[in-house]
Amino acid sequence: MTETTQNSMATEQYSQTAELSVYNTLSKRKENFEPVVPGKVGIYLCGPTVYDKAHIGHLVGPVIFDCIKRYLTYSGYDVTWVVNITDVDDKLIQKAQERQITMAQVAEENTADYHANLDALGIDTIDHFPRATDHMDEIIRFIEHLVAQGYAYASEGDVYFEVGKDAEYGKLSNRSTDSLQGEGGEMAARKRAAGDFALWKQAKPDEPAWESPWGPGRPGWHIECSAMSRGLLGETFDIHGGGLDLVFPHHENEIAQSECCHGKPMVKYWLHNGLMRAAAKGKVGGRGDRETSSPEDEVAGKISRSKGAGGLADLIARQGGERIRFFLLRTHYRSTIVFSEEGIEEAGTGLATFYRFGKRFQRATGEDFYALPVAATRWNDVPDTAPARVAELREQFLAAMDDDFNTGSAIATLFELVGVLNKYCDEHGLDDSTSSDAQATAALRAGTIVLRSLAGTLGLFRQPPVEKSGADAALIGTLMELVLAIRADARAAKNFDMADQVRDGVAAAGIALEDRAGGTDWSLQPGADETQLVARLMDLIIALRSTARVSKDFATADRVRDTLAEAGVVLEDRAGGTEWTLAE
């Protein structure tokens, strides 16, 4: 088969998509997405300068572009995604000097932290992580070519790009060369014009350096990305991403270097995600997670290390990676994200809806929700057996993602879909695997596969949420069984005071209850303090026992005593109240 025939077939295949459109920062409008090579997509996302630990702002772009790659792959494209690591920079040199270690050690330490955070947020579709220090020969050749073409000049060991030689400079950010203000200090004296920017920097004594035609030195920041993207994706590729703060000067300078060097467009579609700013005092997430603002205001207010942004690893330990990911995806990627832990916890409340359904599905079918097969592409038809509206909601989800990857609208559709599936369970009594309605069970399975497949394009629900394990988990399970049994008996006996006492007590302990036909499920509320859970449940159980003894409900009081004894909990009644200890 010839290449022409393959491209023709690919073009016909990808015409099946619903006219995917993306907002292009370069044109300032949405455009129909048509890759450079039919069926293939190259994506470059600017990665971190690894001079310190990552904060949550560094993971906004990777989460978004992980979804973009997943969705494009689901739509049938062969996608290559590159995220660079800047491991040589003034900030790295300064940090190494402060810590009295090598620049390479600083970079290795913080690159490892970055990769750990990517893993925790489920970002595992990146194909290449090029490091600047591994591409010095390519960078130097790129600069040599610009000098030879007259777009760059050497000056006292430095090399600068002459912006006045590029007639299209400023087309991405809408800035004119007359408005540019360059770096001051020693570098200003070596430049022909204030807006000229460094391609190569002469090394100072005792700084890391590489040999070049202009003497020992290191590359400027902008040239690294131009050289590495060309090496991995070609002279013209499909999508270049990054935060809004990179439009100028970084991406503007990338365009100038690459297009002057090659005489052709560097990128077809420039996609920029909104930045993250800290919420005002008392600000809660939800609809306020993102807001519209001017690019200048957004860049000025972004979360950054210079404004005290903390390490991401600690936030992940507190909140969990999937909850943070869900928080970042709840609305459109081009808007400002208003960060607060309250907002992340609210996102956790939404996630719990899907976690509860996963457990319900397993009860109803005997199958593991997280082990269900998922559709590899969007052309897998929804089975006729699926519940009503599943196919319609699937199309609604696809329409949202086809419209500039609107993950917020897509997630809203997932909530509708899980609501339809829960209602279907209610209507057909599917709350345990003993149901004899094989047709209804098959329909539930078909609809749930659609839910899993769509959520998979967002990188969600790929594995079960982390549960407590070990002795504490077993004890908590026993205590909750006891509490729920007491509540069920109280409701059956119309003892609504005790039933309310249970409800209020578990809520105060940070536990959410969900009543269903086959019983009651429980789950931790977002932000619940798991370290205090056993103590709070024991306080509730002791209070319930006291209530039962006062009302002469000795059956309940004895049940508490016997169940706790079997679980290894010893009660000791004293004048001031009841104390408990774990048997050794």
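Coordinates for the structure precede this section.
In this text, all values refer to a predicted model and were calculated from it rather than measured experimentally. (Residues numbered from 1 in each chain as written. Predicted model: local features only at pLDDT ≥ 70, side-chain atom pairs only at ≥ 80, totals over all residues. Heavy atoms only, no water.)

Participant: Give a detailed account of the sheet that holds strand E4 (residues 78-83), specifying residues and quantitative values.
Facilitator: Taken together, four strands build an open sheet; the order of strands is E4-E3-E9-E10 and the sheet is parallel. Each of the sheet's edge strands pairs with one partner strand only, and the pair in question is E4 and strand E10 (267-273). Shown here is a sheet whose adjacent strand axes are inclined to one another by a mean of 20°, direction ignored. As paired strands, strand E9 (residues 237-243) and E10 are joined by six bridges and run parallel to one another. Bridged to Phe-237 within E10 is Val-267. Strands strand E3 (40-45), E4 and E9 of the sheet are contacted by helix H7 (residues 221-233), whose axis makes an angle of about 160° with E3. (Pairing = 2+ DSSP bridges. Helix = DSSP H or I, 4+ residues; strand = E, 2+ residues; numbered from the N terminus. Axes fitted to C-alpha atoms, helices over the stretch in contact; angles between N-to-C directions. Contact = heavy atoms within 4.5 Å.)

Participant: Pulling in residues and values, what's your account of the state of the cysteines?
Facilitator: If you walk through the whole model with that rule in mind, you get zero disulfides. No disulfide involves Cys-225; its sulfur sits 4.1 Å from the nearest other cysteine sulfur, which is in Cys-46. For Cys-225, a relative accessible area of 1% translates into the label buried. (Disulfide = S-S within 2.5 Å. Buried < 20%, exposed > 50% of the residue type's maximum accessible area, 1.4 Å probe, protein only.)

Participant: Describe the environment of Ile-511, with residues and values.
Facilitator: Looking at where Ile-511 falls in the secondary structure, it is placed in strand E14 (residues 511-516). A sequence separation of eleven residues divides Ile-511 from Trp-522, and the C-alpha atoms of the two residues are 6.6 Å apart. Those residues in contact with Ile-511, other than ones at most four positions away along the chain, are Met-480, Val-506, Trp-522, Ser-523, Leu-524, Gln-525, Leu-533 and Leu-537.

Participant: Just give me the short version of the sheet that holds strand E8 (residues 217-219), but keep the residues and values in it.
Facilitator: Taken in spatial order, the four strands line up as E5-E6-E7-E8 in an open sheet, and their pairing is antiparallel. Looking at the sheet topology across the chains shown, the edges are occupied by strand E5 (152-155) and E8. Pairwise comparison of adjacent strand axes, ignoring direction, gives a mean angle of 20° for this sheet. Sheet strands touched by helix H5 (residues 136-149): E5, strand E6 (158-161), strand E7 (197-202) and E8. Its angle to E7, the strand with the most contacts, is close to 120°.

Participant: Pulling in residues and values, what's your account of the pattern of salt bridges?
Facilitator: Enumeration over the complete set of coordinates arrives at 41 salt bridges. Arg-131 serves as the salt-bridge partner of Glu-108, at 2.6 Å between the closest nitrogen and oxygen. Remark: Arg-131 occurs in the loop between helix H4 (103-120) and H5 and Glu-108 occurs in helix H4; sequence separation between them is 23 residues. One salt bridge connects Lys-264 with Glu-235, and the closest N-O pair in it is separated by 3.0 Å. Highlighted residues: Lys-264 in the loop between helix H8 (247-262) and E10 and Glu-235 in the loop between H7 and E9, separated in sequence by 29 residues. (Salt bridge = Lys/Arg side-chain N within 4 Å of Asp/Glu carboxyl O.)

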